[in-house]
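# Descriptive analysis of the structure
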Amino acid sequence: MTLQWTVVAFFLYAEITVNLILCVPLISAQRWRLIFSWRIWSWLSPYWNKSFFTIIMVLIVLFLDALREVQKYSGPEPMQDAKVNPNVYDHVHMKLFRAQRNLYISGFSLFLWLMMRRVATLLNQVAVIMEDSAGLQPQIDNAVRAAKQHQEDKLTLKQSFLEKEKSMSAAKQQLKLEVEKLAGQLKTAEEAVRKSDADIEAMRRQAKGLAQEYDRLLREHHQLQNLQSAEDKKDR
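Residues numbered from 1 in each chain as written. Predicted model: local features only at pLDDT ≥ 70, side-chain atom pairs only at ≥ 80, totals over all residues. Heavy atoms only, no water.

## Let's talk about the overall build of the protein chain
To keep it simple, the criterion reads: Helix numbering and strand numbering both begin at the N terminus, where a helix is a DSSP run of H or I of at least 4 residues and a strand a DSSP run of E of at least 2. Relative accessible area decides the class of each residue, using a 1.4 Å probe on protein chains only: under 20% of the type maximum gives buried, over 50% gives exposed, and in between gives partly exposed. Any two residues having at least one pair of non-hydrogen atoms within 4.5 Å are treated as being in contact. In these tables, accessible area is a Shrake-Rupley quantity obtained with a 1.4 Å probe, and a residue counts as shielded only by the protein chains included in the view.
Broken down by element type, the protein chain carries five helices and zero strands. The order of α-helices and β-strands along the protein chain, N terminus first, is α-α-α-α-α. The buried share of the protein chain, taken over its 236 residues, is 15%. Of the contacts formed within the protein chain by residues at least 6 apart in sequence, a portion of 81% connects residues at least 24 apart. Working note: accessible area of the protein chain is about 19200 Å², and carbon and sulfur atoms make up 64% of it.

## Examining the side chain of Glu-15
Selection criterion: Residues scored as charged are limited to Lys and Arg (positive) and Asp and Glu (negative), so that His and the chain ends carry no count. Salt bridges are defined as contacts in which a side-chain nitrogen from Lys or Arg sits within 4 Å of a carboxyl oxygen from Asp or Glu.
For Glu-15, the location among the structural elements is in helix α1 (residues 3–22). Buried charge Glu-15 goes without a salt bridge, the closest partner of opposite sign being Arg-117 at 12 Å. The residues contacting Glu-15, other than those within four sequence positions of it, are Phe-108, Ser-109, Leu-112 and Trp-113.

## Some remarks on the UniProt feature "transmembrane region" (unreviewed entry) in the protein chain
Our working definition: UniProt positions are given in the numbering used here, feature names are shortened, and annotations may be inferred rather than shown by experiment.
Listed under "transmembrane region" (unreviewed entry) in the UniProt record, and renumbered for this structure, are residues 7–27, 47–67 and 103–120. Measuring from the first to the last C-alpha atom of residues 47–67 gives 30 Å, for a span that is 100% helix and 0% strand.

## Re a nonpolar patch on the surface
Rules: The patches reported here contain residues having more than 30% relative accessible area and no salt bridge. Joining distances are 9 Å for like charges and 5 Å for nonpolar side chains (Val, Leu, Ile, Met, Phe, Trp, Tyr).
Residues Phe-10, Tyr-13, Ile-16 and Leu-20 make up a contiguous nonpolar surface patch of about 450 Å² in total accessible area. One can find Tyr-13 in helix α1.

## Here we look at the nonpolar core
The criterion, for reference: Nonpolar core, defined: a set of buried Ala, Val, Leu, Ile, Met, Phe, Trp, Tyr and Cys residues in which side-chain atoms within 4.5 Å join the residues together.
Counting 23 residues, the largest nonpolar core has Val-8 and Trp-113 as its most contacted members. Of all the secondary structure elements, the ones that give two or more residues to this core are α1, α3 (39–73) and α5 (86–235). It is α5 that provides the largest number of residues to this core, a total of eleven residues. For Trp-113, the contacting residues outside a window of four places in its chain are Phe-11, Glu-15, Trp-48, Phe-52, Ile-55, Ile-56 and Leu-59.

Now the structure itself:
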């Protein structure tokens, strides 16, 4: 194995180790956020993006070179030469094996490099979300308590409204009974008034008859007095 592929292989082993450590469930996202907030990372941050894309470009170049080697040694021409000479056959297969090995090493290195950055980003986002949710938890609890209090106030208001409605219904029934009672009393009073009007009319008629009888008797008395006066004059 050449020096460059030895470096890539060690880089792959390091990526596997780091990804395994990042995926350990015993280390929480908050701890990873504390680790990512160290001063060394802020010092390395100006060079991080450049290094990240540089390594991607190097791995892509190595991957394409390994792919070219695989296509080169798996083509028809090397196989025809290998059939003619057995030594060439072993050499071609050895080269093909090395090219495939290099292809896998560069491909997995590129994949794990991208996955490692994605895992670190997700861990940081999860830590931020957990911190925000922890900060929002008191507000959520206050909102839940306010909702429960509002529900209790609503039930209390509903019960008071039902009680008030019952009392109003009873008062309405009592008022209806009083109205019926007053209507009966009014009817009795009207009958009494009609009866008294009839009695007054009868007394009025009786008084009128008595007045006419008095006038008649008075006229007869005057006539008798006149007749008696006339007889007294004649006797004299």
